[in-house]
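Single-letter residue listing:
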Amino acid sequence: MDFRKHLNTWLWQVLCVFSLGWWGCFSGQLHYTLTEESEPGTFIGHVANDLGFNAEQISERRLKLGSEESRRYFVIGFENGELLLNEKIDRESLCGFTSSCLLPVELITEKPLELFHFTVEVLDINDNSPHFLNNDRLIKIAELATPGLRFPLENAVDQDVGSNAVSSYEMSPSHYFSLNVKHLKDGKLLPELVLENALDREEISEHHLILTAVDGGQPSRSGTTKITVLVLDNNDNPPTFDQPVYKTSLPENIMPGTLLIKLNATDVDEGPNGDIEYSFEDHTLKSVGRLFKLDPHTGEIFAEGNIDFEENSFYEMYVRAKDKGVPIMEGHCLIQVEIQDSNDNAPEVVVSSLETSIPENTPLGTVVGLFNIIDRDSGKNGKVTLKIPAGLPFTFRSFENHYSLITDGILDRETMPQYVIHLVAADLGSPPMYTERTIVLNISDVNDNPPIFSHHSFTAYIHENNAPGILLCTLFATDADEEENSQLKFSLSETFVAGSPISSYIYINENTGNVYAQRSFNYEFLQLLEATVFVEDGGSPKLKSNATLYIFILDQNDNHPKILYPALNREPTEHQRIPRPVSSGYLVTKVTAVDADSGYNAWLSYSILEASDPSMFRVVPHTGEIRMIRTLRESDDSTYTIVVLVKDNGQPALSSTATIFVSFEEIVQDETPKSQDYQTSHREPSDITLYLIISLAAVGSVSIITFTVLIVKCLRAKTRSICRCTGEPEVNDFQCHYQPTLQLNSDGTLKYMEVKTLTRPTNQCYSTCLSPALERTDFTFLRPLDFPQLKDILNDEDSLSMNSEFGEIIQVRKLVQRTYC
Ligand SMILES: *[C@@H]1O[C@H](CO)[C@@H](O)[C@H](O)[C@H]1NC(C)=O
């Protein structure tokens, strides 16, 4: 047995790396040889080692043979990567007379998918002897034939090739005949019998000769045939062909009945002696007789059967022309017919391997499928190109008839989850033949898209004193990936609000995104809750996004007005002492109250609930000033009790009462009034007044600046949208949100200001209120907003957002309006 590896592995690997790239790795450089008729299990080559795989890679890359033919004849050792023979090979039946018998072998490896191509050459052994189709050949020669005449003899056939084929002829020695061997152009030998000396029938009428064909094998084999020469009595002329050998060609698939050639033999004799009849010689192959018809009279040869180039591309016909004389004389010729290929076979696309699903982040140039093209035609008719439609992120690399489909662009499952690719294989024949093949490639998901909230921020409104557990808002997010890569989980950032973790205020259902109140909110304690919410997917690694959640707590009228003056903790009967005389309109005192609520809920009005003498006093409804209705008369009592009702404007309204005891007294010189302010209307301007004017001017200019800044800010806040979340209470369009700010001066006067935000489309009002016990001066204090969160909101254009569930955008324009209370 003869195992040789033609190219050394090292050289092959160098070629692989430097000149051809990985594709060159199956460029056929790897070549093994095998002798025919070897026993199954014969070692052919250590393929895995020659391809440069180590022991670990051999089992990991799962080597397997690609084509069916490869698997029929060979096996690859799973553990060691050795190529072994699977089935005994008879070179003659596999390759016929072809001089080199090459078997292509395809090897496929996984991880990555690669195709390697190499060849196994089957070497001939001299296992066939030359033989003749006819064991007996009769040749008739006229007695007077001139020496030098030649008679073609049948050539012997040997199934072996090369040196094992017929290499020489020998003939038994004879005085009259010699053997001449003609070397034909195709390498064949044609034996001819040559007449050496004149025959004498009377001496020998029949000559018996033995022709031996010998092949060149070691040891050589041979075959013999008998030749009988009959010496004829009559002197006649044999028919003669124009040419000893005719060469012609014929396209395959020709219509039956097509004329191939017209033979022309002539016989100079007359009568029956010159009447020629044509026939195939006995040793013409039987298949020739089936495919061609010879007209015995005209010498025309017609195509008859289906002539297939793929079956046989070359025919030889031995034709004999006989005359009808006595004795019969013969002429001989050889016709060689070459069959021309025509494009009658469509290419075949064989999928050697194909991935069904590839991840979307597959790098460029990854092999995803291997194809093999087979076209039984030869030459251009067998040259095939495999095309893929343009515009797909895939392309082909090819080597001979092997194609690998590789990625050539960015794959994105979100835009194209599946490719249905129509491949077209076309040969170069004219007209070309096509084969279409459709393959389907699924793109599998990779977690490459983070979840996205529907909005940058979510806003919810909730009236204070809500029931714990109420639904505030639903967060909504999407993820373009699929399955667990798009499974969303909502969560809340861990921050603290007024010393408590935010999770004690609100709770997020991590699956639905519903946001619930964890407790009952109190507007007076907290007006706005701001939280960062997260959404993450279930991919690996997880991707995450965040958004801001604003929960506005809306005021309810849950606080009673609080009486600041007269103080509740004073002596129960402490009287308001008023010096006589007292005229009508005199300011007796002023009830001062505040309400912790906002807006209308804190807008207080005063009325007299009960008085000892209702005709004596009135209260100014919005200031709480108690004034004399009429002048105090001598006859009137000196002490009175007035009960003032302080009521807010909420729905329903809440109220408180203040009781004032008044006593009118004669002026006592050394008694000074409790507060100078009560008498300012009758005083001359004093130094105090001057100071007051100066401080008033200073405070006034500060307020103008502040106010201007606020106007500018409000004008910048052009368009605002509000999103209503699920479960949000209706917002009254005309409800104002007040920001109460109180300041109690050292002299007992109280200043406070409210910033009122109207949700009416075009209004925002800043209500500036002053309620000191001063009679003739209105102080206007404008204080900046007191709730830092809310201030941020007003500055932040994006903070008010839409709620996707309602799809509703309420635009809120803010206009600054100044009111005095
Ligand atoms: C929210 O997302 C932005 C950008 O995506 C990032 O810069 C910021 O750090 C995130 N905030 C938190 C609290 O994770």
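Residues numbered from 1 in each chain as written. Predicted model: local features only at pLDDT ≥ 70, side-chain atom pairs only at ≥ 80, totals over all residues. Heavy atoms only, no water.

In this section: the overall build of the protein. Regarding its fold elements, the protein presents eight helices and 57 strands. Classification of the 821 residues of the protein by burial places 47% in the buried group. Contacts spanning at least 24 positions in sequence make up 68% of the contacts within the protein whose residues lie at least 6 apart. Carbon together with sulfur atoms contributes 52% to the accessible area of the protein, which is approximately 41100 Å² in total. (Helix = DSSP H or I, 4+ residues; strand = E, 2+ residues; numbered from the N terminus. Buried < 20%, exposed > 50% of the residue type's maximum accessible area, 1.4 Å probe, protein only. Contact = heavy atoms within 4.5 Å. Areas by Shrake-Rupley, 256 points an atom, 1.4 Å probe, with all protein chains shown as cover.)

A few words on unusual backbone geometry. For the peptide bond that leads from glutamine 218 to proline 219, omega is 0°, which places it in the cis range. Note on placement: proline 219 falls in the loop between β13 (206–215) and β14 (222–232). The backbone phi angle of arginine 62 is positive, close to 45°, even though this residue is not glycine. Take arginine 62: it is sitting in the loop between α3 (55–60) and β3 (64–65). Here arginine 62 falls in the partly exposed class, since its relative accessible area comes to 45%. Unusually for a residue other than glycine, asparagine 465 sits at a positive phi of about 65°. Tracing the sequence through the fold places asparagine 465 in the loop between β33 (457–463) and β34 (471–474). Asparagine 465 sits in the partly exposed class, given a relative accessible area of 40%.

Residues at a pLDDT of 70 or more form 79% of the protein, whose mean pLDDT is 78. Confidence drops under a pLDDT of 50 for residues 1–28, and excluding neighbours within four residues, the segment shows 62 contacts in the predicted structure. Confidence drops under a pLDDT of 50 for residues 671–685, and excluding neighbours within four residues, the segment shows 14 contacts in the predicted structure. (pLDDT = per-residue confidence, 0-100.)

In spatial order, the strands read β9-β12-β11; together these three strands make up an open sheet with antiparallel pairing. Single-partner strands in this sheet number two, and they are β9 (150–152) and β11 (177–183). Looking at each pair of strands side by side, their axes are set apart by 30° on average, direction ignored. Inspection of the sheet shows β11 paired to strand β12 (residues 189–195) by seven bridges, in the antiparallel sense. (Pairing = 2+ DSSP bridges. Axes fitted to C-alpha atoms, helices over the stretch in contact; angles between N-to-C directions.)

Right, let's talk about the nonpolar core for a bit. Phe453, Leu472, Leu475, Ile506, Leu529 and Leu549 are the most contacted members of the largest nonpolar core, which totals 29 residues. When residues of this core are traced back to their parent elements, those giving at least two are β33, β34, β36 (489–492), β39 (506–508), β40 (514–517), β41 (528–536) and β42 (544–554). Discounting residues that sit within four places of it in the chain, leucine 475 has contacts with Phe453, Phe458, Phe490, Ile508, Thr512, Gly513, Val515, Val533 and Leu549. Residues Leu260, Ile276, Ile307 and Tyr315 belong to the second largest nonpolar core, which totals 27 residues. (Core = buried A, V, L, I, M, F, W, Y, C linked by side-chain atoms within 4.5 Å.)

On to the packing of aromatic side chains, then. Tallied over the full model, the rule gives 17 aromatic pairs. Taking 6.0 Å as the distance between ring centres and 80° as the angle between the ring planes, the aromatic pair formed by phenylalanine 53 and phenylalanine 116 counts as edge-to-face. Of this pair, phenylalanine 53 sits in the loop between α2 (47–50) and α3 while phenylalanine 116 is found in strand β7 (residues 114–123), placing the two residues 63 residues apart along the sequence. Both residues of the pair, phenylalanine 53 and phenylalanine 116, belong to the buried class. An aromatic cluster is built from Phe371, Phe396 and Tyr403, whose rings are joined through pairwise contacts. Here the basic side chain of arginine 519 rests over the ring of tyrosine 505, its NZ or CZ set 3.9 Å away from the ring centre. Positioned over the ring face of phenylalanine 534 is lysine 544, at 4.7 Å from the centre of the ring. (Phe/Tyr/Trp six-rings, centres within 6.5 Å; stacked < 30°, edge-to-face > 60°. Lys NZ or Arg CZ within 6 Å of the ring centre and 35° of its normal.)

Here four strands make up an open sheet; going across it, the order is β8-β14-β13-β10 and the pairing mixed. A single partner strand is all that each edge strand has here, and the edge strands are β8 (136–142) and β10 (166–171). Within the sheet, the average angular offset between the axes of one strand and its neighbour, ignoring direction, is 25°. Sheet topology note: the β13/β14 ladder contains nine bridges and is antiparallel.

Now for the pairing of β14. Inspection of the sheet shows β8 paired to β14 by seven bridges, in the parallel sense. Directly across from alanine 142, in β14, lies its bridge partner leucine 232. As consecutive antiparallel partners, β13 and β14 are separated by six residues.

Here we come to the state of the cysteines. Tallied over the entire structure, the rule returns one disulfide. With a sulfur-sulfur separation of 1.8 Å, cysteine 95 is cross-linked through a disulfide to cysteine 101. The chirality of the disulfide connecting cysteine 95 with cysteine 101 is right-handed, given an S-S dihedral of about 60°. Classification of cysteine 95 by relative accessible area gives buried; the value is 17%. (Disulfide = S-S within 2.5 Å.)

Let us now look at the pairing of strand β6 (residues 101–109). Remember that side chains alternate between the two faces of the sheet whenever the strand is regular. With respect to burial, β6 is a largely interior element, seven of its nine residues being buried. With two bridges joining them, β3 and β6 adopt antiparallel strand pairing. When the sheet's bridge partners are listed, lysine 64 is paired in β6 with isoleucine 108. In terms of strand pairing, β6 meets β7 through nine bridges, oriented antiparallel. Along β7, the bridge assignment pairs isoleucine 108 with leucine 115. Once β6 ends, the chain turns through four residues before running back antiparallel as β7, passing lysine 111 with a positive phi of about 50°.

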